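# Overview (structure and organization)
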Amino acid sequence: MMQISESNNQRHSLFSAMNRFIGAVNNMDQTVMVPSLLRDVPLEYEEKDEVNNAVVLTGGNGAASYLTDRDMYSYYVLLKSIRNDIEWGVFQQGDDKKKEKLSTAVDICRVDPQEEDENLQKQFHFHLSGLHTVLSKLTRKANTLTNRYKQEIGIGSWGQ
């Protein structure tokens, strides 16, 4: 497979972030042959916090978060679900959601057109930035899950 090198601007595009995420989830999906082995296994490593004498979970990205309820299996299912939503779209919600969207659309129409254009651009940039950040975090989670799975089954050096 031929890879095209990404320029600095392309690396920060939404399309590239989505491709990296989908690639990481596809790699995770190909690596994890027995998803049931992921049940009840925390994604992060447990370490003892000497200052607070509490158990701290540290992830592959170096961030620490105090005890979470998620295991590797729930992340596996979540990541695959998000990948499917990106690839195939999100299914339409019920009629209640459509009515809510319609009333919001009516409220937007009452705004001055000049303000609306500026507001739409700000909203777009805000959500684009947020989506890029979320996709980057999800990509790291997928890579972390893949590496942890390899460690759990004893193939930590495969594919590297």
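All figures in this text were calculated on a predicted structure; none of them were measured in a lab. (Residues numbered from 1 in each chain as written. Predicted model: local features only at pLDDT ≥ 70, side-chain atom pairs only at ≥ 80, totals over all residues. Heavy atoms only, no water.)

For the rest of this paragraph, the subject is the confidence of the model for the protein chain. Mean pLDDT over the protein chain stands at 76; residues scoring 70 or higher make up 62%. Strand 3 (residues 64-66) is the least confidently modelled element of the protein chain, averaging 40 in pLDDT, while helix 2 (residues 14-31) averages 96, the highest of any element. Predicted confidence is poor over residues 46-67, with pLDDT under 50, and the contacts of this stretch with residues over four places away or in other chains come to 34 contacts. (pLDDT = per-residue confidence, 0-100. Helix = DSSP H or I, 4+ residues; strand = E, 2+ residues; numbered from the N terminus. Contact = heavy atoms within 4.5 Å.)

To continue, consider a nonpolar patch on the surface. A cluster of nonpolar residues, Met33, Val34, Leu37 and Ile153, forms a patch on the protein surface that exposes about 380 Å² of accessible area. Tracing the backbone shows Val34 in the loop between helix 2 and strand 1 (45-49). Under the relative-accessibility criterion, Val34 is labelled partly exposed at 36%. (Patch = residues over 30% accessible without salt bridge, like charges linked within 9 Å, V, L, I, M, F, W, Y side chains within 5 Å. Areas by Shrake-Rupley, 256 points an atom, 1.4 Å probe, with all protein chains shown as cover. Salt bridge = Lys/Arg side-chain N within 4 Å of Asp/Glu carboxyl O. Buried < 20%, exposed > 50% of the residue type's maximum accessible area, 1.4 Å probe, protein only.)

Further remarks concern helix 3 (residues 72-88). At 3.6 residues per turn, the α-helix brings residues three or four places apart onto the same side. The terminal C-alpha atoms of helix 3, which comprises 17 residues, lie 24 Å apart, in line with the 24 Å expected from a rise of 1.5 Å per residue. Those residues of helix 3 that sit buried are Met72, Tyr75, Tyr76, Leu79 and Arg83. The arc that holds every buried residue of helix 3, seen down its axis, measures 105°, which confines them to one face. (Expected span 1.5 Å × (residues − 1). Arc of directions from axis to C-beta.)

The subject of this paragraph is the nonpolar core. One finds Phe21, Met28, Val32, Leu38, Met72, Leu79 and Leu145 to be the most contacted residues of the largest nonpolar core, which totals 19 residues. Top contributing element to this core by residue count: helix 2, with six residues. The contact partners of Phe21, leaving out residues within four places of it in the chain, are Leu79, Ile82, Arg83, Ile86, Leu135, Leu138 and Thr139. (Core = buried A, V, L, I, M, F, W, Y, C linked by side-chain atoms within 4.5 Å.)

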